[in-house]
Each structure stands twice: as structure tokens, then as C-alpha cells.
Amino acid sequence: MLITRLTSPVLIIAYKEICDSSRNRWLAFMGSMFLVLSLSVSFAGSAVTGSLYLPEIDSLMSSLSTISVFIIPLAAILLCYDSFVGEDESGTLLLLLSYPLTRLQILLGKLLGHVIVMLVATGAAFGLTALLLLMLGEHYDKGELIAAFAQFLLSSNLLALTFILISYIVSLKSTEKAKAIGGLLLIWFLFVLIYDLILLTILVSDFSFADQYVINALIAMSPTDLYRAINLVAIDGNNASGSLAMLASSDWGLASLYGLLLLWISSLTLLSHRIFKYKPL
């Protein structure tokens, strides 16, 4: 009975978020974008070499993760930037809090709904790509291909979850939707482009302070670099070159990298709940 009382509002709020994403065509749009992205990389990525062929699994996963690190955080931001500030502006957040709901239930309901939306969008797109590769790629080991895409989906959705929570924090702290999307795009720019560029510059430079411990710490400080490292370590970085090969040679094992990403998620969850708990309305 206690579990039912706790989870029922969470599921209802999650269902509302899923319906909203379906109604405003976000799910269809992002699913189509992920599908075009994965199909292009898988079946047309070799066109730059002057011929068409299906890439090896490790090369395919490296290419997919390199492009997805830009797209997935942006998709999560566009999905969630107005989760709280939008409802606050329209007055629906105040109405929602007038019901016998705790703020934790509201937060978890939104989080569950948005995670399911991202999982459906990425799962349908990358799952269809994997299915086509299984049908057309006779040289692939089927078990290895399924395991590679399963690992890629897991890490991609953990990255999405991280940026969903970052979006909640910014949305809770913003007073207008325009300020929320502006702040989140700045965070996306800093994490995905600037921080990545700084880290890769350090990796290829001969700085005396940049020993392996410093590099590991720098990787741990960015969820996007943790995502890159996870997908490179998962394929042993065989086809990675230059700075990517150095990123793949991190002392962090795959389990440690996942643990650090989960630490990001749990810390952001606690922070977003604390901000929402003490947010005046």
C-alpha cells in the first residue's frame, strides 16, 4: 500500500510528460534525427574514402559516439529546458503543488517520463540500425554487434539523463524560459566544445603537469568526456587515433567510468531535489 501511494503519482506525472512529448512531435522529430544520424554513419560513413562498405564494429561505435556526444546532450536540453520554469510561468506548477503531492514525487515523475522518452527515441533509432546491420552485414559477429549497441545505448541514455538533470537545475533557477534555454546552451557549449577542446589539447601537448592522474581527474570532471572514454574503452580504442587514442588509454576501467557517470547523476539528482525543495513559489 505504501509503495502504491508513493509510485502512483510518479507514474501519472511520467505519463503526462510522455504524452506531452508525443503531442508536440518532439519524440517523432528526435527519433527521426537519431535514425538519420545512425544510418548515415553506419551505411554512408565510408563515402569519404571514395567507396561504400560497412565499417568494423569498433570503428562504427567510435564514429557513432563521437557524433552522439554533440547531439544527445542537445536533445536532452531541448526536451527539458522548460520543465519547471515553463510550468511556473503558466501557473501549472503552483496548481500541481496544490495537490497532495510531494516535490520529490513531481521531480521523479518528470525524470521518469523524460528518461523514457529519450530511451524510446534512441532505442528505436539505434535498434533499427543494429537490426539492419544484422541483416545486411554478413561479416559481423551477431553477439558482438548486439553487445556493442546495447553498451552504446546504455551509455548514451546515461549521458542524456545527466543533461536532463542539468536542465532541471537551470530550469528551477531561471525566471524565464528564454534565460533557461540560453543558460543551457552555454553549458552545452562549454562541456561539449570548450572543455573537450581544452582536454584534447592537453592530451596531445607535452605539458609537464599533465600526468595520467591529472588526465583522469579532467575526464572525471566532464560527463561528455566520461561518455567518450566509456565508448572508447569499451572497444579498446583500436581504431582511435591521436587524442582519442590517448583518451581511450585512461587508467579508469569501464566499471569505474560508469561509476563516475552514475556519481554525476546521483549528485545532480540530489542537487535538483534540494533546489526544488526550497524553491519559493
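Calculation rules
- Residues numbered from 1 in each chain as written.
- Predicted model: local features only at pLDDT ≥ 70, side-chain atom pairs only at ≥ 80, totals over all residues.
- Heavy atoms only, no water.
- UniProt positions renumbered as here; feature names shortened; annotations may be inferred.
- Helix = DSSP H or I, 4+ residues; strand = E, 2+ residues; numbered from the N terminus.
- Expected span 1.5 Å × (residues − 1).
- Bend = angle between axes of the 7 residues up to and from the residue.
- Salt bridge = Lys/Arg side-chain N within 4 Å of Asp/Glu carboxyl O.
- Buried < 20%, exposed > 50% of the residue type's maximum accessible area, 1.4 Å probe, protein only.

What to know about the UniProt feature "transmembrane region" (unreviewed entry) in the chain
The positions UniProt marks with the feature "transmembrane region" (unreviewed entry) are residues 26–48, 60–81, 111–136, 148–170, 182–204 and 252–271. Annotated as residues 60–81, this span is 95% helix and 0% strand, and its ends, taken at the C-alpha atoms, are 31 Å apart. Secondary structure content for residues 111–136 is 100% helix and 0% strand, and the end C-alpha separation is 37 Å.

Comments concerning helix 3 (residues 57–80)
Across its 24 residues, helix 3 extends 32 Å between first and last C-alpha, which sits within 8% of the 34 Å expected from 1.5 Å per residue. The largest bend in helix 3 comes to about 45 degrees, at S68.

Observations concerning the pattern of salt bridges
All told, the structure shown has six salt bridges when counted by the stated rule. With a closest N to O distance of 3.0 Å, K16 and D20 form a salt bridge. Here the residue K16 and the residue D20 both occupy positions in helix 1 (residues 2–23), the gap between them amounting to four residues, near one helical turn. Judged by relative accessible area, which is 23%, D20 ranks as partly exposed. What you see here is one network of salt bridges that share partners, running through K16, E17, D20, R23, E87 and K110.

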